[in-house]
Amino acid sequence: MGPIRGGLRGKERESGLIDMNTTALKSAGLGNAPGDAVEGRAKIFKMTQAAEEAVLRPQDYGRWSHELRAAFAARIALQYDERALSDQYAASAGAFASLAEPSQDGADDGLETVVAFMDKVATDTRNVTAADIAGLQAAGISDADIVRLCELNAFLAYQLRVIAGLRLMKDGYA
C-alpha cells in the first residue's frame, strides 16, 4: 500500500497524495482503493488518524499509559471481531497485552472495575448509567481519567464504523 494520486481538494490537492497507511484504510483492506471514493475524503482520513494519535498516544495520558490504551483498543476491536485491528493495537500493549483478550477481567492488574466499565461502554452502551461512573469514582478514578476512558471508547466506536463503511465501499468496487 502506498500513496495514491488524483482529484483531491484543498491542501490535499497541493500535495497530491493520500497516505494509504492510515489504520482505518489498512484495516478495511483498501490497498487498491477506489481512487475518487477515498481521495475525496482524504481530509477525513487524516483527521481520523490524528484523532487516533490524540486518543491512543496523547502527551497528557493521565492514569492510562499508552500501553494500557493500546490494550483497551485491542480488546474493543476484538469484541467486534476485528482481529487484524486488535492485533495491530495489541502489538503496542506491552505489559498489558493480556488485557486485549475479552476473557481477562483485569484482576491481575487491579483493573477489574475499569475493564468492566470499558467492556460495558463498548458492548452495551445504552445501559451505561450514572452508577457506572460512580463506581469508577469510588475506585479512586478521577473525572479527567474517566473522560479519557470514554474518549478512547468513543474513538474506537467511530473507527470501527469507518472501517465497516470502507469495506462496503471496497465490496461495491470489487
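Residues numbered from 1 in each chain as written. Predicted model: local features only at pLDDT ≥ 70, side-chain atom pairs only at ≥ 80, totals over all residues. Heavy atoms only, no water.

S.K.: Where do I start with the packing of helix α5 (residues 66-79) against helix α7 (residues 112-123) in this structure?
M.R.: Angle between the axes and distance between the axes are the two parameters that describe a pair of packed helices. Contact geometry of α5 with α7 gives a least axis separation of 10 Å together with a crossing angle of 40°. It follows that α5 is oblique to α7 by the angle criterion. Regarding α5 and α7, the two cross each other, and that crossing is right-handed. From α5, Phe72, Arg75, Ile76 and Gln79 reach across to α7, where they touch Val114, Val115, Met118, Asp119, Ala122 and Thr123. (Axes fitted to C-alpha atoms, helices over the stretch in contact; angles between N-to-C directions. Helix = DSSP H or I, 4+ residues; strand = E, 2+ residues; numbered from the N terminus. Parallel < 35°, antiparallel > 145°, perpendicular 65-115°, else oblique. Left-handed = near helix turned anticlockwise from the far one by under 90°. Contact = heavy atoms within 4.5 Å.)

S.K.: I tried to follow the packing of aromatic side chains on my own but got confused; where do I start?
M.R.: When we look at a pair of aromatic rings, we describe it by the centre distance and by the angle of the planes. Evaluation of the coordinates by the stated rule reveals 1 aromatic pair. Considering the side-chain rings of Phe155 and Tyr158, the 6.2 Å spacing of their centres and the 50° angle between planes classify their relative orientation as tilted. Of this pair, Phe155 and Tyr158 both sit in helix α9 (residues 143-173), 3 residues apart, roughly one helical turn. (Phe/Tyr/Trp six-rings, centres within 6.5 Å; stacked < 30°, edge-to-face > 60°.)

S.K.: Can you walk me through the layout of surface pockets in this structure?
M.R.: Rolled over the atoms, a probe sized like a water molecule indicates the empty space that remains. Approximately 290 Å³ is the volume found for the largest pocket. Around the largest pocket, the lining comprises 14 residues; the ones closest to its centre are Tyr80, Ala122, Ala157, Leu160 and Arg161. Looking at the lining of the largest pocket, the elements that each hand over two or more residues are α7 and α9. Ranked by residues supplied to the lining of the largest pocket, first place goes to α9 with 8 residues. Along the lines of polarity and charge, the residues of the lining of the largest pocket split into 10 nonpolar, 2 polar and 2 charged. (1 Å grid on protein atoms, 1.4 Å probe; cavity = no way out; pocket = protein on both sides within 12 Å on 5 of 7 lines; lining within 4 Å. Points joined across faces, edges and corners; volume = space filled by probe spheres on them. Nonpolar A, V, L, I, M, F, W, Y, C, P; charged D, E, K, R; others polar.)

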